[in-house]
Amino acid sequence: MLTTKLSAAAVSSSSSTIFLNSHSRLRFSKRIPFLANPSLFNPLRPIVECSSSAKKNSSRNMDSSASSRIVSPRAAAEQLKDPDQLIDSVETFIFDCDGVIWKGDKLIDGVPETLDMLRSKGKRLVFVTNNSTKSRKQYGKKFETLGLNVTEEEIFASSFAAAAYLKSIDFPKDKKVYVVGEEGILKELDLAGFQYLGGPEDGDKKIELKPGFLMEHDESVGAVVVGFDRYFNYYKIQYATLCIRENPGCLFIATNRDAVTHLTDAQEWAGGGSMVGAVGGSTQREPLVVGKPSTFMMDYLAKEFKISKSQICMVGDRLDTDILFGQNGGCKTLLVLSGVTSLSMLHNPDNTIHPDFYTNKISDFLSLKPAAV
């Protein structure tokens, strides 16, 4: 993936979402303690977008600071017929969780046996989720409750990614983070040693709208992190807006922009993207996205486990997050139809995101295995 160096003079004329990678970082220093207005430039070009215009174009225009490149259309996805061939070609499998391992609190059929089989073949398993409501430790307990033997070190949630990103840019410890989100983000920020405010406790707060009322906010907030939030309200929108618009250089970070999520296995529910969209609408700023399809987590994983990206297969149920995440990282990709994406969506002529393979669910690794001779 092409990257460019951070320059205070770099200016982007678009308001596109900024997806992070480990080679391009906003750093705080004595010389540039805070960026006057991060929305005025994009140091992370070229970016990856999921907008309709980006999907329809076969080429992307870059800033003058980066050369343009032609994006060749990918071949149509192949239905997985020989799992052994795919399994033998990679060392590591990265699994999305919601829609792949479980739906809501219900385990998808055949998951335990499939994971056991892959481990028996010496494959490294990693679990990545855009859901920021839980910390890595909390997700570990969920895996345990579902009867899955998964260690905390194998789990990477977008709540962790937000804290890891702030550490990677040397976010000042004397600055605070305002959180529009749930307990998972707070726990990860606490473990990383960052000061924070907001979160669930602001869920009951209301604004008394009377003549002349002025809402106060903490001027030491240097970043606003927005994730999925079941306690989202107008107070949080206004507080986040004041921090982003009035605190010089305040960062606007999104754990993800997922349109829907699986709170239960009965239906799809509004995802974290709806909360991010509300704050984006009031601030007229686009967020820095640390979750999928940003390459930040992929780069972090590759470094943490010393994994060659060509030896990774990303398995997910969403085209515009999971599959794009894998493609952006240079990995093999497998789409499962047990979650958000249906076969008709995959084959829709307007869809330009094509995985290497697709199948119904990950237990097809077992059921599609050729019979022993």
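Look up a bit, the structure's there.
A few points on the structure. (Residues numbered from 1 in each chain as written. Predicted model: local features only at pLDDT ≥ 70, side-chain atom pairs only at ≥ 80, totals over all residues. Heavy atoms only, no water.)

Section: the state of the cysteines
What makes a disulfide is a covalent bond joining the sulfur atoms belonging to two cysteines. What counts here: Disulfides are defined as pairs of cysteine sulfur atoms found within 2.5 Å of each other. Classification of residues uses two cut-offs on accessible area relative to the type maximum, computed with a 1.4 Å probe and protein chains only: under 20% is buried, over 50% is exposed, and between them is partly exposed.
The final tally for this structure, using the stated rule, is zero disulfides. Cys-313 takes part in no disulfide bond, and the closest cysteine sulfur, belonging to Cys-331, lies 8.3 Å away. Under the relative-accessibility criterion, Cys-313 is labelled buried at 0%.

Examining the nonpolar core
Just so we agree on the cut-off: By convention a nonpolar core is built from buried Ala, Val, Leu, Ile, Met, Phe, Trp, Tyr and Cys residues, the set being connected through side-chain atoms within 4.5 Å. Where helices and strands are cited, they refer to DSSP runs of H or I of at least four residues and of E of at least two residues respectively, numbered from the N terminus. Two residues qualify as a contact provided that any one of their heavy atoms is within 4.5 Å of a heavy atom in the partner residue.
In terms of nonpolar packing, the biggest core is built from 35 residues, with Ile-94, Leu-166, Val-177, Leu-189 and Ile-253 touching the most fellow members. When residues of this core are assigned to their parent elements, the largest contribution, seven residues, is made by helix H5 (residues 158–168). Once you skip the residues sitting within four places of it in the chain, Ile-94 turns out to touch Val-126, Val-128, Met-298, Leu-301, Ile-312, Cys-313, Met-314 and Val-315. Grouped together as the second largest cluster of nonpolar side chains are 30 residues, Ile-101, Leu-148, Ile-155 and Phe-365 included.

Examining helix H4 (residues 136–145)
Inspection of H4 places Arg-136, Gln-138, Tyr-139, Gly-140, Lys-142 and Phe-143 among the buried residues, and these make up the whole buried set. Where H4 is buried, its residues touch strand S6 (102–103), strand S8 (124–129), strand S9 (155–157), H5 and helix H6 (183–192). Directly after H4, the chain includes Gly-147, whose backbone phi takes a positive value near 85°.

Focus on empty space enclosed by the protein
As a reminder of what qualifies: Lining residues are defined by having an atom within 4 Å of a point belonging to a cavity or pocket. Those points lie on a 1 Å grid over the protein atoms alone, cavities being sets where a 1.4 Å probe fits but cannot get out and pockets being open sets with protein on both sides within 12 Å along at least five of seven lines. Grid points are joined across faces, edges and corners, and a volume is the space filled by probe spheres set on the points.
Scanning the model with the defined rule gives two cavities of 30 Å³ or more in all. As a volume, the largest cavity reaches approximately 140 Å³. Along its surface, the largest cavity is lined by 16 residues, and Asp-98, Asn-130, Asn-131, Asp-258 and Thr-261 are the ones closest to its centre. Only strand S14 (260–261) and helix H10 (319–328) provide two or more residues apiece to the lining of the largest cavity.

So, helix H3 (residues 111–120)
An α-helical turn contains 3.6 residues, so any two residues separated by three or four positions project in the same direction. Defined as follows: Think of the arc as the fan of directions from the helix axis to the C-beta atoms.
Those residues of H3 lying buried are Val-111, Thr-114, Leu-115, Met-117 and Leu-118. Along the axis of H3, the buried residues cluster in a sector spanning 160°; they form a single face. For H3, the exposed residues set more than 90 degrees away from the buried face come down to Asp-116 and Ser-120. Of the residues one or two after H3, Gly-122 is the one with positive phi, at around 80°.

Describing the packing of helix H7 (residues 234–246) against helix H8 (residues 272–283)
Filter applied, for reference: Helix axes use the C-alpha atoms of the stretch in contact, all axes being lines fitted to C-alpha atoms, and the angles between their N-to-C directions lie in the range 0 to 180 degrees. Our angle categories are set so that under 35 degrees counts as roughly parallel, over 145 as roughly antiparallel, 65 to 115 as roughly perpendicular, and the remainder as oblique. Two helices crossing with the near one rotated counterclockwise from the far one by less than a right angle form a left-handed crossing, whereas a clockwise rotation gives a right-handed crossing.
Contact geometry for H7 and H8: axes closest at 9 Å, N-to-C directions at 50°. Comparing their axes, H8 and H7 come out oblique. When you trace H7 past H8, the crossing you get is right-handed. Contact with H7, carried on its side by Ile-237, Ala-240, Thr-241, Ile-244 and Arg-245, involves Ala-278, Val-279, Ser-282 and Thr-283 of H8 and no other residues of that element.

Concerning the pattern of salt bridges
Short version of the rule: Any Lys or Arg side-chain nitrogen located within 4 Å of an Asp or Glu carboxyl oxygen qualifies as a salt bridge.
Applying the stated criterion to the full structure yields twelve salt bridges. Here Glu-208 and Lys-210 are joined by a salt bridge, their closest N and O atoms 4.0 Å apart. Here Glu-208 falls in the exposed class, since its relative accessible area comes to 51%. Judged by relative accessible area, which is 45%, Lys-210 ranks as partly exposed. With a shortest N-O distance of 2.7 Å, Asp-229 and Lys-236 are connected by a salt bridge. Classification of Lys-236 by relative accessible area gives buried; the value is 0%. Connected via shared salt-bridge partners are Asp-96, Lys-292 and Asp-322.

So far we have only geometry, and geometry alone does not tell us how the molecule works.
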